[in-house]
Amino acid sequence: MRRTLKHGLIATALLLAQAPAAEAHIVAIRLGDFYAGALHPFTDLQDVLLWLAMGLLAGSLGAARGRWLVALFPLGLLAGLALGARVGTIAANPAIDAVIAVVLGLLLAAGARVPTVLLCVMAFALAALRGAANASDLAPNTDRLLFAGGLACAGYAAITLIMALTLAFRGPLSDSSKDSSKDTSKDWRGIALRALGGWIAAIGLMMAGLAFAS
Amino acid sequence: MIDLRYLRIALLLVTALILPRALFAHEATLGVLEFREVRPGAFIGLWTMEPTVGADRVDLKVPPHCFLRLPELNCGEKGLVGQITIGNLGADMSAALIKIIPLKGEPRSYTISTANPVVTVLGTDAPTIDTWLELAKTYINYGIDHILLGADHLLFVLGLIWIVNGGWRLVKTITAFTVGHSASLAATAFGLIGVPERPLNACIALSIVFVGVEIVKQQRGEIGWTARYPWAVAVTFGLVHGIGFASALAGLGLERRLLPPALLFFNVGVEIGQLAFVLLVLALIWAHRRLDAVLPRWGEALPAYAIGSVAMFWFIGRLLIVLST
């Protein structure tokens, strides 16, 4: 358990260490377009919240369902980025982001057993949406391949680490072999995850309020 | 062991798709500006190495009490003391060396880079504690940037992690790599050894080809040199990579008296960047284990060939550069 906690802390620290690098443009000047692509989503609250919500939901459903997102999520980001770059900037819609946050939060709070196929479709669609939103900061002189590579790597690393940390938090019963054999949602860890889902839904509601008010 | 192979496949494939762009990752775009004091507080500035962006387009900003219209710089009685920066650092000019030759005392050099866009020019009382702090800030950042942008160094480290497969052996191997590159970095910086940069870059690419071949051997069940003596391979190729690190420092034209601390801080920066990369890879390996996320067996051989292909691409490209000069 201590070993798991240690690994978890390391992974969390690595993830959080990227957050303070707030200005993607400064990063682009200093470290180039790959790192600009990798850090750009962490400068946007919508990306941070929605990626976190999706990772928590997928992780809470167990390894067998969540592991598909390791590949699908970065692919969705790439598809969305390509679409956004090709058809022009697709302005991110705060209302849609807020609704997605509410839905993901409620699913997590309710402990819904989302089927694998539906989870994959949701994750791909969300990633595509956010990938397109990230295309908004592609400047004419941005190396698009490097930016896309950075974004996909960030998506892969973030979703993989969040899902694994969620699984580790839930404990051994969330292993794939025991995935559906016993409902762990009633122990304190499951309750904590569901409470977190409630918070995400609440943040989504506030975002929706702000979006409709402005 | 088996459950990790597909993580490595995924990591290396992603890396292999992106890394060919980094062929010229270490080609710096530098400029060198020399200010020579002709009377107290008055300087004549001259670009001894003009940046590729063009000297006229450099947005040089000097302390507020100074008046600059190149080639003239007048700072009055207060002298040239304070902050100097360049407003338009970027891809066209990643760093500039400012050399100041005063009427009295030793010439001084300051490096303005994207990692450290503002330098503080110190008075004739330097070196002081501020000098050391300034050096630490500049060169730790420069070391971190250099390793993070050095895709070839990171790919080599990734190959070592692949072959050694975690645990104390990995700690020893990475330590051996650190010892190797630190030793050759210091030896090169102090002029004890000297290797031309371009052939060296080709050799660095070859070292990654070697690691790729070792991975293929391991997959075939053969025990290669790296699997048998990982620390020896790491320290040997660490020596080669360290000379490459030194070439980055050499381009900045440091004062000799400031070289030891600058070298130390640069190396600390390189280690910080390398450690962050190793920890990230280890965290992802742990996450894949936790998720039991593995790919089909048919793709097992792809990454080793991808790593070898990318490295060969670099090698051929760098060899062509050597032959064309």
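Residues numbered from 1 in each chain as written. Chains lettered and ligands numbered in written order. Predicted model: local features only at pLDDT ≥ 70, side-chain atom pairs only at ≥ 80, totals over all residues. Heavy atoms only, no water.

Observations regarding the pairing of strand 1 (residues 30–39) of chain B
Residues and elements named next belong to chain B.
Working step 1: With 7 of 10 residues buried, strand 1 is to be regarded as a mostly interior element.
Working step 2: Here 7 bridges tie strand 1 to strand 7 (residues 95–101), and the two strands are oriented parallel to one another. Each residue of the ladder has a partner; that of E34, found in strand 7, is K99.
Working step 3: Note that strand 1 and strand 2 (residues 42–49) share 7 bridges and pair antiparallel. Residue R36 lies in a different strand from strand 2, and its bridge partner there is I44.
Working step 4: In this structure, the hairpin formed by strand 1 and strand 2 is closed by a connection of 2 residues, where G41 is found at a positive phi of approximately 85°. (Buried < 20%, exposed > 50% of the residue type's maximum accessible area, 1.4 Å probe, protein only. Helix = DSSP H or I, 4+ residues; strand = E, 2+ residues; numbered from the N terminus. Pairing = 2+ DSSP bridges.)

As for the pattern of salt bridges
Working step 1: One pass over the full model with this rule turns up 8 salt bridges over all chains.
Working step 2: Residues R130(A) and D47(A) are paired through a salt bridge, measuring 2.8 Å at the closest nitrogen-oxygen approach. Pair noted here: R130(A) is in helix 8 (residues 116–134) and D47(A) is in helix 4 (residues 45–60), with a separation of 83 residues, a long-range link.
Working step 3: A salt bridge links R36(B) to E34(B), with the shortest nitrogen-to-oxygen separation between them at 3.4 Å.
Working step 4: With relative accessibility at 41%, the residue R36(B) sits in the partly exposed group.
Working step 5: Residue classification places E34(B) among the buried positions, given a relative accessible area of 17%.
Working step 6: Through salt bridges with shared partners, one network takes in D44(A), D47(A), D97(A) and R130(A). (Salt bridge = Lys/Arg side-chain N within 4 Å of Asp/Glu carboxyl O.)

Regarding the state of the cysteines
Residues and elements named next belong to chain B.
Working step 1: Inspection of every chain in the model, using the stated rule, returns 1 disulfide over all chains.
Working step 2: Shown here is the disulfide that connects C66 with C75, its sulfur atoms set 2.1 Å apart. Residues C66 and C75 are joined by a disulfide whose S-S torsion is about 110°; by sign, that bridge is right-handed.
Working step 3: Given the relative accessible area of 10%, C66 is considered buried. (Disulfide = S-S within 2.5 Å.)

Topic: unusual backbone geometry
Residues and elements named next belong to chain B.
Working step 1: Residue L70 is joined to P71 through a cis peptide bond whose omega torsion reads 10°.
Working step 2: Locating P71 in the fold gives a position in the loop between strand 4 (67–69) and strand 5 (72–74).
Working step 3: One non-glycine residue with positive phi stands out, namely D292, at about 55°.
Working step 4: Tracing the chain through its elements places D292 in the loop between helix 8 (259–291) and helix 9 (302–324).

So, the packing of helix 9 (residues 144–170) of chain A against helix 10 (residues 188–213) of chain A
All names here are of chain A.
Working step 1: Viewed as axis vectors pointing N to C, helix 9 and helix 10 meet at an angle of 140°, and their least axial separation amounts to 9 Å. By the angle between their directions, the pair helix 9 and helix 10 is classed as oblique. Note on element contacts: helix 10 touches helix 9 through W188, R189, A192 and L193, opposite T166, A168, F169 and R170.
Working step 2: For the contact of helix 9 with helix 10, the per-class residue count stands at 5 nonpolar, 1 polar and 2 charged. (Axes fitted to C-alpha atoms, helices over the stretch in contact; angles between N-to-C directions. Parallel < 35°, antiparallel > 145°, perpendicular 65-115°, else oblique. Contact = heavy atoms within 4.5 Å. Nonpolar A, V, L, I, M, F, W, Y, C, P; charged D, E, K, R; others polar.)

Some remarks on the confidence of the model for chain A
All names here are of chain A.
Working step 1: Model confidence for chain A is summarised by a mean pLDDT of 82, while 77% of its residues fall at 70 or above.
Working step 2: Confidence over residues 12–23 falls short of pLDDT 50; this stretch has 14 contacts with residues more than four positions distant or in other chains.
Working step 3: When the criterion is pLDDT under 50, residues 174–178 qualifies, and its contacts beyond four places in sequence or with other chains add up to 11 contacts. (pLDDT = per-residue confidence, 0-100.)

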